[in-house]
Amino acid sequence: MSLLEVKNLNTSFQIGVGTVRAVRGVSFHVDEGESVGIVGESGSGKSVTMLSVTGLLPDYANISADSILFDGREITRLNQKALRALHGSEIGMIFQDPMTSLNPLFTVESQLTEPLKNHLHMDKRSARARTLELLRQVEIPNPEARLKQYPHELSGGLRQRVMIAIAIACEPKMIVADEPTTALDVTIQAQILDLLQNLKRESRASIIMITHDMGVIASMCSRILVMYGGIICEQGDVREIFYGARHPYTWGLLNSIPKVQQKRGEKLIPIKGTPPDMLQPPAGCPFSPRCRYCMPVCRAYMPPVTALSDTHSVSCHLLHPNAPKIEREV
Ligand code: SF4
């Protein structure tokens with residue numbers, strides 16, 4: 001059963017020189033207890049999509065959607081107060097940089113107890129007991145001492161663990177993790193991913209993992225949405241994407257992952273070119289300026305979505321029956 005169902009989401013920003021069309025007609029769903037990865041380069045629209053869905057974009061963002069249903073409620077009809085109540089209680093957010101998400105003026109204890117008091121109406125004593133339990137759950141050593149500390153007194157890894165503790169404090173139905181390991185060094189990244197995997201096993205929450213790292217997706221998610229130029233260009237379950245991808249951009253992402261059997265000196269294959277300028281996105285397929293298989297039709301028309309199975313769909317003109325038969329080059 002779907003926990004989140006998004007239909008035809010469009011988000012744009014009016015700036016001095018024009019309109020940035022960051023998200024263009026995105027539709028997807030997330031089932032209860034499911035882990036879904038949203039992958040793509042910077043500027044592909046993945047973070048803006050989830051910030052639009054959760055109502056966390058600034059007022060100057062122009063958001064429209066046919067429907068955004070969360071747990072049976074139409075989010076687009078909620079007022080600011082109802083949306084705020086949803087955050088922290090039913091939707092937990094984990095951001096890339098905890099230093100900018102945590103308030104530097106408040107101790108760990110006051111930042112952890114706030115959602116417990118506001119959303120669960122806990123008294124001071126119960127909230128403190130719950131904060132200690134949460135710090136243990138996210139494997140923070142010596143939690144009593146940590147409660148009295150300020151964010152700047154903690155390492156990057158500990159700050160991210162505090163952020164995760166805040167996100168899960170009220171046992172939300174959905175957790176959105178936006179590049180949760182990008183700002184951390186490699187060993188701490190691995191620890192935080194282990195922690196998120198444990199939380200996934202222990203909780204019944206749906207998890208949406210936003211990342212540019214296909215390796216993170218492979219270890220955490222059962223389904224993948226690939227975004228490029230503000231659209232979902234391919235989506236499918238992990239097997240369909242890793243072993244049966246059909247979009248040239250997804251091929252590029254997969255070819256740029258280091259392999260276990262990578263030979264010494266063998267180079268990774270980057271995707272040539274740069275992401276499109278969303279002030280003036282290409283008229284047709286957004287990947288056309290970088291795609292080695294681009295045909296004249298690609299520059300003129302946005303490719304339609306072709307369903308290959310109940311879970312796998314692709315937006316590429318190569319799926320047309322009359323198009324050349326191209327296979328992924330590995
Ligand atoms: Fe490449 Fe054309 Fe497919 Fe776009 S629609 S990915 S340009 S082949």
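Residues numbered from 1 in each chain as written. Predicted model: local features only at pLDDT ≥ 70, side-chain atom pairs only at ≥ 80, totals over all residues. Heavy atoms only, no water.

Asks: Looking at this structure, I do not really get the pairing of strand β5 (residues 67-70). What am I missing?
Replies: As a general feature of sheets, a regular strand has side chains that alternate between the two faces. Sheet topology note: the strand β1 (residues 2-15)/β5 ladder contains four bridges and is antiparallel. In the sheet register, Glu 5 faces β5, and the bridge partner there is Leu 69. Looking at chain direction, β5 and strand β6 (residues 73-74) are connected through two bridges and run antiparallel. Each residue of the ladder has a partner; that of Phe 70, found in β6, is Arg 73. Between β5 and β6, which pair antiparallel in sequence order, lie two residues; one of them, Asp 71, sits at a positive phi of approximately 50 degrees. (Pairing = 2+ DSSP bridges. Helix = DSSP H or I, 4+ residues; strand = E, 2+ residues; numbered from the N terminus.)

Asks: Explanation requested: the packing of aromatic side chains in the structure shown.
Replies: To describe a pair of aromatic rings, you give the distance between the ring centres and the angle between the ring planes. All told, the structure shown has five aromatic pairs when counted by the stated rule. On the numbers, 5.1 Å between centres and 80 degrees between planes, the contact of Tyr 228 with Phe 287 is edge-to-face. Here Tyr 228, found in strand β10 (residues 223-228), pairs with Phe 287, found in the loop between α11 (248-255) and α12 (296-300); they are 59 residues apart in sequence, far enough to count as distant. Both residues of the pair, Tyr 228 and Phe 287, count as buried. Ring geometry for Tyr 249 against Phe 287: centres 5.3 Å apart, planes inclined by 65 degrees, an arrangement best described as edge-to-face. Placement of Tyr 249 in helix α11 and of Phe 287 in the loop between α11 and α12 is noted, with a sequence separation of 38 residues between them. The burial state of Tyr 249 is the same as that of Phe 287; both residues are buried. One aromatic cluster is present, formed by Tyr 228, Tyr 249 and Phe 287 through successive ring pairs. (Phe/Tyr/Trp six-rings, centres within 6.5 Å; stacked < 30°, edge-to-face > 60°. Buried < 20%, exposed > 50% of the residue type's maximum accessible area, 1.4 Å probe, protein only.)

Asks: What exactly am I supposed to notice about the pattern of salt bridges here?
Replies: Any two side chains of opposite charge can pair if their charged atoms end up close together. Taken as a whole and judged by the stated rule, the model has twelve salt bridges. Between Asp 71 and Arg 73 there is a salt bridge; the shortest N-O distance is 3.6 Å. Among the residues examined, Asp 71 registers a relative accessible area of 28% and is labelled partly exposed. Beyond isolated ion pairs, a larger network of salt bridges with shared partners links Asp 71, Arg 73, Glu 90 and Lys 173. (Salt bridge = Lys/Arg side-chain N within 4 Å of Asp/Glu carboxyl O.)

Asks: Just checking my understanding: could you explain the confidence of the model for the protein for this structure?
Replies: For any part of a model where pLDDT is low, the fine detail of the predicted coordinates should not be relied upon. The pLDDT averaged across the protein works out to 91; a share of 99% of its residues lies at or above 70. Per-element confidence in the protein ranges from a low mean pLDDT of 78 for helix α3 (residues 98-101) to a high of 98 for strand β13 (residues 313-315). (pLDDT = per-residue confidence, 0-100.)

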